[in-house]
Structure formats: structure tokens, C-alpha cells
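Now for the letters of each chain:
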Amino acid sequence: MNPHQSRFLDLALARSVLRFGEFSLKSGRTSPYFFNAGLFDSGAALSELGECYADALEASGLDFDMLFGPAYKGIPLATTLAVALARRGRDLPVAFNRKEAKAHGEGGRLIGAPVRGRVLVVDDVITAGTAIRESIQIIREAGGEPCGVLIALDRQERGQAGQRSAAQEVTAEFGIPVHAIAGLDDLLSHADERPEIAEHKPALVAYRARYGSQPE
């Protein structure tokens, strides 16, 4: 596991973004863990998270021109990544969308920089892929070209049909890579170093065995 992945998982634990127990998911499954990026809710937490995103992005080798944050959680995530990249000497444009088009003022669905060139979508997780598909459509309609997706946590969990995860489905459908700071496999590896995760490892392993996607 890379250092930024360990830092990210430790941050998620410290901020109660990553919790363990029994959680009912929208899919109807009962999960032994839950990830809520909305609890990265302070300047310090977002700053550290942005650095983790930036490290993951550099490790990916992805080529891109600007960032796009899907409403709503993607907005602060793309923003904090942009700040982290600026600190490293790369000042990039950022845009995001509204859930509903604005009829007054500047109008429209987009806020921020003009959408053009190779656009990287930044979000927290991919559940069903709905927000990502919508983002790809918005980017293309605005004249940009989606070049990839960067998420915080990949649950590596197959959808309701087939063996692919939502992230794998996005790649197969649109031909763009999906990168994550860390995935469930990394969480399982980290469990050997953190006692507060280790006690939940058997449940995580069982869940992975039952619902985990197949590597491609």
C-alpha cells in the first residue's frame, strides 16, 4: 500500500468518515462498513484529503486539463484537489454543476471555469454511477472531453447485475479510467496495522467474498 493510501484511511477513521457495524445500503445489502465523505467537514480535514487526492492523481499518470466536481459532494472535493495541486505548482481551472439550471443571474447549470479540454471528474464514491454518467453528458455538451474519474474510495463491489463494479462499468461504457485513492482491498490490508479495523476484518472479508467485483 502506498503512503497516501494509509494516510487517507487513517484520516477517514479519525474523522469517522469510515465506520464499522451494520449499515443498510440503497442496494438493499447490509454492509459491515460505511463511508460518508460529507464528514470531511473542516478546513484541516479537507486540506489533508486534497493532498491524498493529489498523490493518487500523480500516481495514476493521468493526463488532464481541468477538474469537474459533480453536485453536491464533488464540489468541495474537486475544489480541495485544485488547491492541493496549486500548492504543488499546477494551477488548474475548476467547474461544477447545479442540480437544477438557474434561470436568473448568470443562468445555466455550470459554475466556474469554461469546460474545455480533457476534464477529470472528481467525486467521493461511485455507487450506481448515475452522477458520473450525468457529469460525462454535461461535460460533452459543454464542449469538453471526459478523460477519467478520480474517487476517494472504491468499494470494489459488483452491481445488481453482472460481476463488474460500478467503477468497472463506467470504464467499460465510456472508455475512461476510474482511479481511487484506496479500495476495499487496501482497507483489508490496512486492517493488519490498525486494531480498530482488525476486529472487523472477518466481516469485511465475508462481504468481499459475497459481493466483491471480479478484477479485469
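Residues numbered from 1 in each chain as written. Predicted model: local features only at pLDDT ≥ 70, side-chain atom pairs only at ≥ 80, totals over all residues. Heavy atoms only, no water.

Per an unreviewed UniProt entry, the protein goes by the name Orotate phosphoribosyltransferase and belongs to Arenimonas metalli CF5-1. Comment text from UniProt for the protein, heading Pathway (unreviewed entry), reads "Pyrimidine metabolism; UMP biosynthesis via de novo pathway; UMP from orotate: step 1/2." (UniProt positions renumbered as here; feature names shortened; annotations may be inferred.)

A.B. asks: Could you clarify how one ought to interpret the packing of aromatic side chains in this entry?
C.D. replies: One pass over the structure, following the stated rule, counts 5 aromatic pairs. Pairing Phe 8 with Phe 40 gives two aromatic rings, centres 6.5 Å apart and planes at 35 degrees, and the pair type is tilted. Taken together, the residues span a long stretch of sequence, with Phe 8 in helix α1 (residues 3-14) and Phe 40 in the loop between β2 (30-35) and α2 (43-60) at a distance of 32 residues. Look at Phe 8 and you get buried, because its relative accessible area is 0%. Taking relative accessible area as the criterion, Phe 40 reaches 4% and is therefore assigned buried. Taken together, the ring pairs connect Phe 8, Phe 35 and Phe 40 into an aromatic cluster. The residue whose ring lies beneath Arg 155 is Tyr 33, and the NZ or CZ to ring-centre distance is 4.2 Å. (Phe/Tyr/Trp six-rings, centres within 6.5 Å; stacked < 30°, edge-to-face > 60°. Helix = DSSP H or I, 4+ residues; strand = E, 2+ residues; numbered from the N terminus. Buried < 20%, exposed > 50% of the residue type's maximum accessible area, 1.4 Å probe, protein only. Lys NZ or Arg CZ within 6 Å of the ring centre and 35° of its normal.)

A.B. asks: Is there a simple way to think about the packing of α2 against helix α3 (residues 74-87) in this case?
C.D. replies: Interhelical geometry of α2 versus α3 gives an angle of 70 degrees and a closest axis separation of 8 Å. Judged by the inter-axis angle, α2 sits roughly perpendicular to α3. For the pair α2 and α3, the contacting residues are Leu 46, Ser 47, Leu 49, Gly 50, Glu 51, Tyr 53, Ala 54 and Leu 57 in the first and Leu 77, Thr 80, Leu 81, Ala 84, Leu 85 and Arg 87 in the second. Of the residues contributing to the contact of α2 with α3, the split by class is 9 nonpolar, 3 polar and 2 charged. (Axes fitted to C-alpha atoms, helices over the stretch in contact; angles between N-to-C directions. Parallel < 35°, antiparallel > 145°, perpendicular 65-115°, else oblique. Contact = heavy atoms within 4.5 Å. Nonpolar A, V, L, I, M, F, W, Y, C, P; charged D, E, K, R; others polar.)

A.B. asks: So what exactly am I meant to see when it comes to unusual backbone geometry here?
C.D. replies: Negative phi characterises most residues that are not glycine, and trans characterises most peptide bonds. Cis rather than trans, the peptide bond between Ala 71 and Tyr 72 has omega equal to 5 degrees. Summarising the element assignment, Tyr 72 is placed in the loop between β3 (66-69) and α3. In the Ramachandran plot, Ser 16 falls in the positive-phi region, its phi being about 60 degrees despite a non-glycine side chain. Inspection of the secondary structure puts Ser 16 in the loop between α1 and β1 (18-24). By relative accessible area, Ser 16 is classed as partly exposed at 37%. Non-glycine residue Gln 156 carries a positive phi angle of around 50 degrees. Turning to its location among the elements, Gln 156 is positioned in the loop between β7 (145-154) and α5 (166-174). On the basis of relative accessibility, which here comes to 18%, the residue Gln 156 falls in the buried class.

A.B. asks: Would you explain the pairing of strand β6 (residues 118-123) in this entry?
C.D. replies: Each regular strand carries side chains that alternate between the two faces of the sheet. Where burial is concerned, most of β6 is hidden: 5 out of the 6 residues are buried. Two elements, β6 and β7, share 6 bridges in a ladder whose sense is parallel. Considered in β7, the bridge of Val 121 is made with Val 149. What joins β6 to β7 is helix α4 (residues 130-141), and the crossover it makes is right-handed. (Pairing = 2+ DSSP bridges. Right-handed = clockwise from strand over helix to strand, strands pointing away.)

A.B. asks: I keep staring at the environment of Val 122 and nothing clicks. Help me out?
C.D. replies: Relative to the helices and strands, Val 122 is located in strand β6. What makes Val 122 buried here is its relative accessible area of 0%. Residues Val 122 and Tyr 53, spaced 69 residues apart in sequence, show a C-alpha to C-alpha distance of 9.1 Å. Those residues in contact with Val 122 that lie beyond four places of it in its chain are Tyr 53, Leu 67, Phe 68, Gly 69, Pro 70, Gly 74, Leu 77, Ala 78, Leu 81 and Leu 150.

A.B. asks: Is there a simple way to think about the pattern of salt bridges in this case?
C.D. replies: Opposite charge on two side chains makes pairing possible when the charged atoms of those side chains draw close. Per the stated rule, a full pass over the model turns up 17 salt bridges. When the shortest N-O distance is used, the salt bridge between Arg 88 and Asp 55 registers 2.8 Å. Here the residue Arg 88 occupies a position in the loop between α3 and β4 (94-102), and Asp 55 occupies one in helix α2, the gap between them amounting to 33 residues. Two residues, Arg 155 and Glu 157, come together in a salt bridge whose shortest N-O distance is 3.0 Å. Each of the two residues, Arg 155 as well as Glu 157, counts as buried. (Salt bridge = Lys/Arg side-chain N within 4 Å of Asp/Glu carboxyl O.)

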